[in-house]
Amino acid sequence: MQKIINLFYRILEIILVLLLAGMAIMVFVNVVMRYTMNSGINVSEELSRFFFVWLTFTGAVVAFREHGHMGIETMVMFLSRRGRILCMILSNIVILTCSAIFFWGTWKQSGINASMHAPVTKLSMIWVYGIGMFTGALMFIIALERLYRLVTGRVTEDEIAQFAGENMTIEQLSER
């Protein structure tokens, strides 16, 4: 099961690379065309904006899985193991709540977004804003799994140390 999960996140990372590359190529080509031919590709302007949205929200999921989001470890690093676990539990409950609200809000807006179309590509705007459901759902699942491991005592010492802002070991870095 872990191999399938790792494969899924590896595919997400590849999608991120493709989105970034596509966005960079479209913007570069448009800039060159504007300065050399005094024209541009209208579709590339719109698609590069959409790619940026997808890149941001998909990247948020990958960063969350890898504990890459900003945290305030100043207080947590002075707490005992029990205090750190309590903070981890509270943190994941807050994340669960925010992710659920984010998903629900995107879901409620999906009817409106599905009926609206982008001006140039004529794509339904659900393809742009619908990524919020993906992000909210995956972050909810990740936080729920972390909360489950915390409550059942399956969290590792390395995860607790990482949450407290302690440096990662060489073994942890090589596993990534």
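What you are looking at is a predicted structure, and each value in this text was computed from that prediction instead of being measured.

Cut-offs applied
Residues numbered from 1 in each chain as written. Predicted model: local features only at pLDDT ≥ 70, side-chain atom pairs only at ≥ 80, totals over all residues. Heavy atoms only, no water. Helix = DSSP H or I, 4+ residues; strand = E, 2+ residues; numbered from the N terminus. Expected span 1.5 Å × (residues − 1). Bend = angle between axes of the 7 residues up to and from the residue. Buried < 20%, exposed > 50% of the residue type's maximum accessible area, 1.4 Å probe, protein only. Contact = heavy atoms within 4.5 Å. 1 Å grid on protein atoms, 1.4 Å probe; cavity = no way out; pocket = protein on both sides within 12 Å on 5 of 7 lines; lining within 4 Å. Points joined across faces, edges and corners; volume = space filled by probe spheres on them. Nonpolar A, V, L, I, M, F, W, Y, C, P; charged D, E, K, R; others polar. Phe/Tyr/Trp six-rings, centres within 6.5 Å; stacked < 30°, edge-to-face > 60°.

Peer 1: Mind showing me how you'd approach helix H3 (residues 81–115) here?
Peer 2: Across its 35 residues, H3 extends 51 Å between first and last C-alpha, which sits within 8% of the 51 Å expected from 1.5 Å per residue. Along its length, H3 shows its largest kink, about 45°, at Gln109. Among the residues of H3, Gly83, Arg84, Ile85, Cys87, Met88, Asn92, Leu96, Ser99, Thr106, Ser110 and Asn113 are the ones counted as buried. Where H3 is buried, its residues touch helix H4 (126–129), helix H5 (131–151) and helix H6 (157–163).

Peer 1: Mind showing me how you'd approach the layout of surface pockets here?
Peer 2: Rolled over the atoms, a probe with the dimensions of a water molecule shows which regions are left empty. If you add up the space inside the second largest pocket, you get close to 720 Å³. Lining of the second largest pocket is provided by 26 residues; of these, His69, Met70, Gly71, Ser91 and Phe163 occupy positions nearest its centre. A per-element tally of the lining of the second largest pocket places H3 first, with six residues. The class makeup of the residues in the lining of the second largest pocket is 13 nonpolar, eight polar and five charged.

Peer 1: Is there a simple way to explain the packing of aromatic side chains in this structure?
Peer 2: Where two aromatic rings form a pair, the distance of their centres and the angle of their planes describe that pair. Evaluation of the coordinates by the stated rule reveals five aromatic pairs. Ring centres 6.4 Å apart and planes at 45° place the aromatic pair Phe50 and Trp54 in the tilted group. Residue Phe50 and its partner Trp54 are located together in helix H2 (residues 42–65), separated by four residues, close to a single helical turn. By relative accessible area, which is 6% here, Phe50 ends up buried.

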